[in-house]
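# Observations on the three-dimensional arrangement
Listed below, chain by chain, are the residues.
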Amino acid sequence: MSSDLYREQILEHYRNPHNFGEIQDADITQEGDNPLCGDMITMYLKLDDGRLGSVKFRGRGCAISQASASILTDLVMGRPVDELKRFPTQALLDELGIPISPARMKCATLSVNTLRVALGAGVEDEDDAD
Amino acid sequence: MSSDLYREQILEHYRNPHNFGEIQDADITQEGDNPLCGDMITMYLKLDDGRLGSVKFRGRGCAISQASASILTDLVMGRPVDELKRFPTQALLDELGIPISPARMKCATLSVNTLRVALGAGVEDEDDAD
Amino acid sequence: MIEKDVSNAGMARGVPPVWADGHALDVGAIRRQFPILKREVNGHPLVYLDSANTSQKPEPVIAALDDYYRRYNANIHRGVYQIAEEATAAYEAARQKVARFVNARSVREIVFTRNVTEAINLVRYSWGRANVHRGDRILLTEMEHHSNLVPWQLLAAETGAELDFLRIDSQGRLDLEGLDRKLEGVRLLAFAHQSNTLGTINPVPILVAAARRAGAHVLIDGAQAVPHMPVDVQAIGADFYGFTGHKMCGPTGIGVLWARRELLEAMPPFLAGGEMIKRVSLRNASWNELPWKFEAGTQAIAEAIGLGAAVDYLCGLGMAAVREHERALVDYALERMQDVSGITLYGPQDPDLHGGAISFSLANVHPHDLATLIDQEGIAVRAGHHCTQPLMETLGVPATTRASFYVYNRPDEVDQLVGAIGRAQKVFTG
Amino acid sequence: MIEKDVSNAGMARGVPPVWADGHALDVGAIRRQFPILKREVNGHPLVYLDSANTSQKPEPVIAALDDYYRRYNANIHRGVYQIAEEATAAYEAARQKVARFVNARSVREIVFTRNVTEAINLVRYSWGRANVHRGDRILLTEMEHHSNLVPWQLLAAETGAELDFLRIDSQGRLDLEGLDRKLEGVRLLAFAHQSNTLGTINPVPILVAAARRAGAHVLIDGAQAVPHMPVDVQAIGADFYGFTGHKMCGPTGIGVLWARRELLEAMPPFLAGGEMIKRVSLRNASWNELPWKFEAGTQAIAEAIGLGAAVDYLCGLGMAAVREHERALVDYALERMQDVSGITLYGPQDPDLHGGAISFSLANVHPHDLATLIDQEGIAVRAGHHCTQPLMETLGVPATTRASFYVYNRPDEVDQLVGAIGRAQKVFTG
Ligand SMILES: Cc1ncc(COP(=O)(O)O)c(C=O)c1O
Ligand SMILES: Cc1ncc(COP(=O)(O)O)c(C=O)c1O
């Protein structure tokens, strides 16, 4: 069984996700889901002087969706909100470090898309490239 | 050019159709047409003691539809109406004596189908055979 | 036991000759007819266990398409030249084959569509809008595929009709308790002959008889039945019965609506345009005879011919033998799979009631992760809601994994699946 | 002269690279790509002059279908396994090719249908029922194919809207006199880019501009345009533009609706079922993103991929070169045919306005007899009303014969046609 696909890092994040939980007095709470496979995520954001002071998430779903959420929270914690509105999907994929097939892309990007919606930024629409 | 398809007999009937015209005091006048190719025919029937005393037709369309009408009128003139209600399509096709492809079958049978409708008999429905 | 009867539901009036075949399938010979099975995926021979989603295609079907395009491609019902005659004859011969295959009374009752989804929508738009009114009820089941659910939601919203649902028991069988009462005031009962998610073969005779007593019309979604068992629409006695070519060895892009002729005669057209008309003036039109009244524009000609070849192919195997083959595979698979640790199997435990699709969950591996992992061993299964989201609600899971079988599957593929599931579990449990 | 502009209508914003090709077609090489052209009919090599009805298919298209079924047949958007990923990628790549081919702004504006007839009916049901009301007017032309006429008759009957028609002149060109007045109160202007019967290339820019001034929506039936000339939907600026795969070297069973994204976003779904939904509960559903919102159930996957291969093929030839080839053939054919005794030619005399389809009547041979007779020499032409019965009324004939051309036709096939017409006339005049 290929361990390329589910590197130990991913499995570790899946089993013991970072920043897992709720922020009771969150400034922004945003749900996101992936109806096709039932992945769900809720992000809790606390802002601090233009920065993401704190971020937590809850969710259920496949290892890729949940591990990517865990990894994302590490990546974005403390960064300026303006910058995060343009946070590139690729940065998260690079950090995941495994090949993501098109069918699993929605799992891998659920967290970053939910974050973008939470911050009032549009979702990247790759289908329109010509 | 193949003369099999348009034997001299067909062309002769097409150019000089038999029983062409109207019967002013017809007992039954029946129109028939073939919307797909625009063939049209009107049959005029005069009954005489349970027999088809006289039959004429008018029409316009392809050689096969018009020649077949001409040939049909010869075949049915004077025959008992009860018998004609069951007049077999094949008898007309035999008399035409040329191979009729499926696409031209509606042309070849327009006259006999119109006659059947005129006599209150149903059209043969070959599609239901199983 | 009533349920035991249902897998023979279609055969009540005797087995039409096209299904007659007492022999077991020669799976080795069958596999050689399916070119895709020679393929390797991720370094392993393809183990295709997703036929409930779409079936693979045998040589004669692929060859029928190829032959059409190479030798006699032409538009049908229009041309008076040779190749157009050939194309028309082949297209209508395919309809005849389909009619015989499901034992329709007449070829006029067979309407070609793109898929069963379109067949159901045809009934929704044409029959439904004319016959379903405010306050009428439409009875469905909670195991319906979205394609036999959402059209009725929209029809209900448009007409003011109400929806109601038959529920399932813990083994994924319909709960028929109070069926007659539930059918009161029902204009249409619509249900799947076989569930694509649970595998359940529904008790068609009971449901149809009850609907008849209640004066309800019956639509059956046969997408999962026609490919897998003998189906006799006359014996079943419903009003509408739809199925889909790509699940029965046929090409994509072709499906079938069977309906009783009187209904089709009375129904207004659905799609309008070329071929479905008799006479057209600038402001008026009249309609062609059945079935062409419902086939607007240039049809999926090659696809219909391909479906005809698929029907020939299945007839050659014998549908009773196909059903028996799948019953045996399911029997074996249920037995093997129930030993997997942490597995939950959905659907009937009795293989007589269980068509060739098995859904399951694992305690420790999400369906998508499982499907991705075992694809690494060349095994194709489906993970998701299988277009039955409400049923997922009932089962209390966001998704399941489903393995489904067809004529080319062997017991050793079940073994490979079970082995791969175990290895996937190890990845997750360490 | 305004009309001279129209054949370049699609190119106003510069030629997208996919059409760029300054060279004349190498018809010999092209013919070798179409296997059916090797066929003999009634002892003669096939002379196929019925491409306006359906086109023949080149090797790469047939091979794309074959390859799909042999190597990666799987349902799309559903499976997470390898062959499903390949099928999904190929299907969506085909959409991308089609989008580029007609220069759509976004792939989301490209909806796959069975044929252009379904594309037009989609607009009828989805946009039409929501946007056309009692007293609104729908303006058509009297040269419309039944597929762009009967749907609007039915929509008008359902909504209480009124139909009106642009007339043609003696050369089969639209009479634009009083166009602005005729457009008053018009909700929808629908017309063919090119007439399948007359060959007329309609003045698209003038019609669209006038409709815009009047606030009317515009639907263009591009069935006869997209296969034969560069078409740029952004430059044209209509609201809906439909075309059909089987006339453009593609398989049967696949067509395209292009529509402006804002319109598609606002339109309710047409067919309901699997794949077009986002979330479904027992009583409610929400819709998938564009374009999938309009693609219910298992799509014509192989056919879409085949259409993608057809687009690649046509791009390889260059659509400007295709148009020029046909223009030259029509020029030659009009000249040769006008010398036939007793012939009446319909449609524009100017080959710049005349696409590759020529309709005619003979004084002494009925179209069906002519088509049957010349089929004996292997020549395939269409005889009938060409799904334009009202236009036949205007022309005052029950039917015409139509010869139509495509990339594989040569001037010597025109010569054979003219010779065969003469021999048919001899049969009838003795
Ligand atoms: C101008 C025009 N519109 C519509 C159609 C209908 O196309 P289809 O039958 O592929 O839907 C055709 C061809 O038959 C056509 O030529
Ligand atoms: C039970 C059932 N109904 C309907 C469908 C829809 O079939 P199609 O997508 O071919 O229209 C399917 C398959 O997806 C099915 O399994």
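Residues numbered from 1 in each chain as written. Chains lettered and ligands numbered in written order. Predicted model: local features only at pLDDT ≥ 70, side-chain atom pairs only at ≥ 80, totals over all residues. Heavy atoms only, no water.

### What to know about the site of ligand 2
- In the vicinity of ligand 2 lie 15 residues, with Thr117(C), Asp221(C), Gln224(C), Thr244(C) and Lys247(C) positioned nearest.
- Neighbouring residues of ligand 2 are distributed over chains C and D.
- Contact distances for ligand 2 include 3.4 Å between an oxygen atom and a backbone N or O atom of Val116(C).
- With respect to ligand 2, the side chain of Thr298(D) contributes an N or O atom lying 2.6 Å from an oxygen atom.
- Expressed as a share of its isolated accessible area of 380 Å², the protein-covered part of ligand 2 is 99%.
- Residues of the shell around ligand 2, tallied by class, amount to two nonpolar, 10 polar and three charged. (Near = heavy atom within 4 Å. Polar contact = N/O pair within 3.5 Å; in protein donor to acceptor, adjacent residues only side chain to side chain. Areas by Shrake-Rupley, 256 points an atom, 1.4 Å probe, with all protein chains shown as cover. Nonpolar A, V, L, I, M, F, W, Y, C, P; charged D, E, K, R; others polar.)

### Quick look at the interface of chain D and chain B
- The partner chain B presents 18 residues to the 18 residues of chain D that form the contact.
- With a closest N to O distance of 3.1 Å, Arg104(B) and Asp369(D) form a salt bridge.
- On inspection of chain D and its partner chain B, the count reaches seven residue pairs in polar contact (both at pLDDT 80 or more).
- Per-element tally for the side of chain D that touches chain B: the top contributor is helix 14 (residues 411–429) of chain D, with five residues.
- Its residues assigned to classes, the side of chain D that touches chain B shows seven nonpolar, eight polar and three charged. (Contact = heavy atoms within 4.5 Å. Salt bridge = Lys/Arg side-chain N within 4 Å of Asp/Glu carboxyl O. Helix = DSSP H or I, 4+ residues; strand = E, 2+ residues; numbered from the N terminus.)

### A closer look at the relation of the copies chain D and chain C
- Once chain D has been moved 0.0 Å along the axis and rotated by 180 degrees, it coincides with chain C to within an RMSD of 0.0 Å. Such a turn and shift between the copies fits a two-fold axis. Among all residues of chain D, the one whose C-alpha sits closest to the rotation axis is Gly253(D), at a distance of 3.0 Å. (Least-squares fit on C-alpha atoms with pLDDT ≥ 70 in both.)

### Brief notes about the pairing of strand 5 (residues 137–141) of chain D
All names here are of chain D.
- Counting buried positions along strand 5 yields five of five residues, so the element is predominantly enclosed.
- Going residue by residue along strand 5, you find Arg137, Leu139 and Thr141 tucked away on one face and Ile138 and Leu140 tucked away on the opposite face as well.
- Of the pairings in the sheet, the one linking strand 5 to strand 7 (residues 186–192) comprises three bridges and is parallel in character. From the neighbouring strand, Arg137 faces strand 7, where its bridge partner is Val186.
- Taken together, the five bridges between strand 5 and strand 6 (residues 162–166) define a ladder with parallel strand orientation. Its bridge partner being in strand 6, Thr141 is matched across the sheet by Leu166.
- Regarding the hand of the β-α-β motif, the stretch spanning strand 5, helix 5 (residues 150–159) and strand 6 is right-handed. (Buried < 20%, exposed > 50% of the residue type's maximum accessible area, 1.4 Å probe, protein only. Pairing = 2+ DSSP bridges. Right-handed = clockwise from strand over helix to strand, strands pointing away.)

### Comments concerning the side chain of Ser68(B)
Residues and elements named next belong to chain B.
- As for its position among the elements, Ser68 is in helix 2 (residues 63–76).
- Side-chain polar atoms of Ser68 contact the backbone oxygen of Ser65, separated by 3.5 Å.
- Apart from residues lying up to four places away in sequence, Ser68 is in contact with Ala63, Leu92, Leu96, Cys107, Ala108 and Ser111.

### Here we look at the sheet that holds strand 16 (residues 382–384) of chain D
Residue and element names in this part refer to chain D.
- Here we have four strands laid out as an open sheet, ordered 13-14-17-16, and antiparallel in their pairing. If you trace the sheet from one side to the other, it starts and ends with strand 13 (343–345) and strand 16, each paired once. For this sheet, the mean inter-axis angle between neighbouring strands, taken without regard to orientation, is 30 degrees.
- Taken together, the four bridges between strand 14 (residues 357–362) and strand 17 (residues 400–404) define a ladder with antiparallel strand orientation. Looking at strand 17, one finds that Ser359 is bridged to Arg402.
- Across the sheet, helix 12 (residues 367–375) is in contact with strand 14, strand 16 and strand 17; its angle to strand 16 comes to roughly 160 degrees. (Axes fitted to C-alpha atoms, helices over the stretch in contact; angles between N-to-C directions.)

### Some details on the site of ligand 1
- By nearness alone, 15 residues border ligand 1, and Thr117(D), Asp221(D), Gln224(D), His246(D) and Lys247(D) come closest of all.
- Residues close to ligand 1 are split across chains C and D.
- In this structure, Thr298(C) approaches ligand 1 through a side-chain N or O atom, which is 2.7 Å from an oxygen atom.
- The side chain of His246(D) places a nitrogen or oxygen atom 2.6 Å from an oxygen atom of ligand 1.
- For the shell around ligand 1, the class distribution of residues is two nonpolar, 10 polar and three charged.

These results come straight from atomic positions and should not be treated as a statement about function.
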